[in-house]
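Below, each chain spelled out in residue letters.
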Amino acid sequence: MEIIDGATAAFGPYRTSPQPASAVLADIRALGIRVLSDLPAAVLREQIPADIAEAHLSTDAVSPHTGQTMERPGFMAPPRAADTAVAVTMALSILEQPGIHPAGEAMRSLLEAVREELTQISATSIDNWGRGISPVLQSVHLAALTPSLRPSEYVRYRITTETPRRPTRTTRDIEQRARKIPTMFWPPWTIRLAPPEGIHARALAPVLAALLLIPDSRTSLDQAAGLIGDAIDGTEVSRLLQELDDLPQWPDTATALDRLADYLDANSTPIDYGRRRLLDYTGLLPHDRWLEICRRTGTPPGTGRRERIARSQLFQRLSGLPAESVPDDLGGLDSAEFRATSLRFTALQTPELVHALQQEALSFLASHHIHDEPVTWQPPATLLAGLSLPGPDPAHVDLPRLHQLVRERQHPVQHAAQVLGTTVEAIRHVLDEHPAPAPPLTKSTARATGRIRQQARQAIPSERFTRLYLDEHRSLQQIATLAGFSRRVLTDLAKEYGIPLREGPKDYKRRGTVERAWLIEQYVHRRRTLPDLAREAGMSTANMARWAHTHNIPLRPRGGASHQTVLRTADEAEALPVILRKALTGPYARQRLARFLAAQSYPTLTEAAQDLGIHQSALVIQINRLERDLGKALLERAERGRAMKLTPFGEKVIAAISTMQGQIASQP
């Protein structure tokens, strides 16, 4: 026995966790009492050398008062010194083992002799062994019970760690840990912890998320399932946990969960999944945004299913919830057919599409005032170093070979998984992170997918098209010859840019002179339209537009209000309450204010739009326009479990609108 500084013991299982000498003596005493009070003499003879047993061990029963020494140490000690010597010898034979787990194995024979089955002994029965025993002896006791523990107890007591222990984390600690965990466990971790056969990774992901709340906690399986989003219940967690326990890699799987729980408790993470789970995702990837992304990336938009797949996958990446939980009016997202189509969509993704959807996700977070979080995050894979886990490592997938394979077959993901000797989920994850470049297109496929229009858009952006066609007066055919695209493609591009096409040859002689100061005053400050100014100057609208380009005056987007409407709106704004003046910036401003007033009393914008008889996206756009014009948020959007409500600024705006309406009503 090694004593440090005369007061601390550091030997055997105490070497990694030195204890006061008094605590070690209490451990020896507790073990000795257990030996003398519970073991028959015949069992004791089996535990010590035969010569010692014959010479010293009494065949008589030990003192009937020996058990009282558990409460009163030293009271009614064993009547024979040999009995005491045997008890101490057995206690030291356990406590001198080179670690907690070897000591637990040595203690196991003692416990098995006390009870016919270890299952009759609980993890807390050591509390009756005496006062002042050390945490080391408690850890040894838990290690001794390892074969009889349920899988959840195996995780809860951290049996695979060097020092198993009973839970120490508070309810608040576990709630904080839950906010760091996505409901659908991190894909690369799920892939490593899921067996290739028997348990589908999609079903295992929420189970692993719930299990991560069990180490060092008193949380039940049902409570854990609720904390990570109620995607499953405790019964399902228990069922799949039993299947994991049957795997030969179960101890290393439990070790991975222990390491990850320790990492999350000790480190801050960049994503608050507790908040993400409560966001309102009804406005995620609206139809017009999907079409715009497809146009920019050359992606065929499909007939609706592809858009729903992209939205559901983007929802899972953002919220951490199952993809089938995304708000969707058509349903069927959990069907086998939809999942199979989703798998093929994974192979069809291109780097351009993935990047565009990533930017869309960041814009969605920003719309909910989340500016400091990435779209996704995952714990470091180094936590899994040295472990033998049931699933494959996605990092070992041959990426160039994978990209080659997914462009060759009708079912590319399954084919690639078979050829590369890995799982479908591993291939899906790698393609989500590193999508294959689009294959070269023929002329017909390029035209069908809109890729030619995309190339034309990149070669001739709006500014260049305007300069060539309006400023330099080149014809569409001349521009087509210059850029290498057909006249038909350029005609469609002009419509997309809002550039009016000429009808027949034109006389480009400029009529009259337009001074820059006059044009700025009339067009910029007074906001008169080009046709109105052209009529006043006696020239064509196109000629007036050329003068604007000559003077480097940016043109307003087409489709805006007439100058009479703009001037009338500006005059009306002067009569409004100060807080509303910035909101009256164009036509339909009063409609936006009225709809905001009507919508603010509903729990969600979706319900407000339904009662008002308008599309939800139209109402959202109008509210967003008001917030942008006024410079502050008006509403705190609805989140899971919490209805929409006004911000303090929104309450002021509502009061101002009511005042304005009262003034209008009182006018004769």
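Conventions adopted
- Residues numbered from 1 in each chain as written.
- Predicted model: local features only at pLDDT ≥ 70, side-chain atom pairs only at ≥ 80, totals over all residues.
- Heavy atoms only, no water.
- Helix = DSSP H or I, 4+ residues; strand = E, 2+ residues; numbered from the N terminus.
- Buried < 20%, exposed > 50% of the residue type's maximum accessible area, 1.4 Å probe, protein only.
- Contact = heavy atoms within 4.5 Å.
- Areas by Shrake-Rupley, 256 points an atom, 1.4 Å probe, with all protein chains shown as cover.
- Core = buried A, V, L, I, M, F, W, Y, C linked by side-chain atoms within 4.5 Å.
- Salt bridge = Lys/Arg side-chain N within 4 Å of Asp/Glu carboxyl O.
- Phe/Tyr/Trp six-rings, centres within 6.5 Å; stacked < 30°, edge-to-face > 60°.
- Polar contact = N/O pair within 3.5 Å; in protein donor to acceptor, adjacent residues only side chain to side chain.
- Axes fitted to C-alpha atoms, helices over the stretch in contact; angles between N-to-C directions.
- Parallel < 35°, antiparallel > 145°, perpendicular 65-115°, else oblique.
- Left-handed = near helix turned anticlockwise from the far one by under 90°.
- Expected span 1.5 Å × (residues − 1).
- Nonpolar A, V, L, I, M, F, W, Y, C, P; charged D, E, K, R; others polar.
- pLDDT = per-residue confidence, 0-100.

A. Molecular detail of the overall build of the protein. Tallying secondary structure elements over the protein gives 34 helices and five strands in all. Burial analysis of the protein (668 residues in total) assigns 45% to the buried set. In the protein, of all internal contacts separated by at least 6 residues, the share reaching a separation of at least 24 is 68%. Of the roughly 33500 Å² that the protein leaves accessible, carbon and sulfur atoms contribute 51%.

B. Inspection of the nonpolar core at higher detail. Judged by nonpolar contacts, the single largest core of 80 residues is most densely connected at Leu31, Met107, Phe185, Trp186, Leu211 and Leu212. Ranked by residue count, the leading element in this core is helix α10 (residues 201–211), at eight residues. Among all residues touching leucine 211, those that are not within four sequence positions of it are Val155, Leu221, Val237, Leu241, Leu244 and Leu257.

C. Examining the pattern of salt bridges more closely. Under the defined criterion, the tally for this structure stands at 32 salt bridges. Note that glutamate 360 is salt-bridged to arginine 289, the shortest N-O span being 2.7 Å. Remark: arginine 289 occurs in helix α15 (residues 287–297) and glutamate 360 occurs in helix α18 (residues 351–367); sequence separation between them is 71 residues. Since its relative accessible area comes to 8%, glutamate 360 is described here as buried. Arginine 289 sits in the partly exposed class, given a relative accessible area of 24%. Residue arginine 295 is joined to glutamate 496 by a salt bridge in which the shortest nitrogen-to-oxygen separation is 3.1 Å. One end of the pair, arginine 295, is in helix α15; the other, glutamate 496, is in helix α26 (residues 487–497), with 201 residues separating them in the sequence.

D. Looking closely at the packing of aromatic side chains. Per the stated rule, a full pass over the model turns up eight aromatic pairs. For the ring pair phenylalanine 11 and tyrosine 14, a centre distance of 5.2 Å and an interplane angle of 45° mean the geometry is tilted. Assigned by exposure class, phenylalanine 11 and tyrosine 14 land together as buried. With a centroid separation of 4.9 Å and 85° between ring planes, the pair formed by tyrosine 281 and phenylalanine 315 is classed as edge-to-face.

E. Quick peek at the side chain of serine 217. With respect to the helices and strands, serine 217 occurs in the loop between α10 and α11 (221–227). Within the local environment of serine 217, its side chain forms a polar contact with the backbone oxygen of leucine 213, the two atoms lying 2.7 Å apart. Beyond its immediate chain neighbours, meaning those up to four positions away, serine 217 contacts Arg156, Pro167 and Ile174.

F. Broad picture of the environment of valine 413. Within the secondary structure, valine 413 is located in helix α20 (residues 412–420). With 11 residues separating them along the chain, valine 413 and valine 424 place their C-alpha atoms 6.3 Å apart. Contacts of valine 413, omitting those with residues within four sequence positions, involve Leu343, Ala347, Val424, Ile427 and Leu431.

G. Spotlight on the packing of helix α27 (residues 516–525) against helix α28 (residues 530–537). Viewed as axis vectors pointing N to C, α27 and α28 meet at an angle of 135°, and their least axial separation amounts to 10 Å. One finds that α27 runs oblique with respect to α28. Handedness of the crossing formed by α27 with α28: right-handed. Contacts from Trp518, Leu519, Gln522 and Tyr523 in α27 reach Leu530, Leu533 and Glu536 in α28.

H. Seen up close, α18. The terminal C-alpha atoms of α18 lie 24 Å apart, and with 17 residues this matches the ideal 24 Å at 1.5 Å per residue to within 8%. Taken residue by residue, α18 has Leu353, Val354, Ala356, Leu357, Glu360, Ala361, Phe364 and Leu365 as its buried positions. Where α18 is buried, its residues meet α14 (273–276), α15, α16 (305–319), α17 (336–348) and α21 (424–433). Two residues or fewer after α18 comes histidine 369, characterised by a positive phi angle close to 65°.

I. Region of interest: the environment of serine 540. Relative to the helices and strands, serine 540 is located in the loop between α28 and α29 (541–550). For serine 540 and leucine 530, which are 10 residues apart along the polypeptide, the C-alpha to C-alpha distance reads 9.1 Å. Discounting chain neighbours no more than four positions away, the residues touching serine 540 are Ala534 and Arg546.

J. Structural context of the packing of helix α32 (residues 605–612) against helix α33 (residues 616–630). Two numbers describe how α32 lies on α33: the axes approach to 8 Å, and their chain directions differ by 115°. Looking at the two axes, α32 sits roughly perpendicular to α33. With respect to the hand of their crossing, α32 and α33 are arranged in right-handed fashion. Taken together, the residues of α33 that come into contact with α32 (itself represented by Leu605, Thr606, Ala608 and Ala609) are Gln616, Leu619, Val620 and Ile623. When grouped by side-chain class, the residues that make up the contact of α32 with α33 number six nonpolar, two polar and no charged.

K. Summary view of the confidence of the model for the protein. Chain-level statistics for the protein give a pLDDT mean of 82 and a share of 83% at 70 or above. Within the model, pLDDT remains below 50 along residues 55–70, and this stretch shows 29 contacts once partners closer than five positions in the same chain are excluded. The low-confidence segment residues 561–567 (pLDDT under 50) makes 11 contacts with residues lying over four places distant or belonging to another chain.

L. Structural detail: the environment of leucine 247. Structurally, leucine 247 is set in the loop between α12 (234–245) and α13 (250–266). A residue is classified by how much of its surface remains accessible, and leucine 247, at 22% relative accessible area, is partly exposed. Along the chain, leucine 247 and proline 390 lie 143 residues apart, while their C-alpha atoms are 7.9 Å from each other.

M. Representation of unusual backbone geometry in the model. For aspartate 216, which is not glycine, the phi dihedral falls at a positive 60°. On the accessibility criterion, aspartate 216 (2% relative accessible area) is buried. The residue aspartate 230 is not glycine, and still its phi comes out positive at about 60°. In this fold, aspartate 230 is placed in the loop between α11 and α12.

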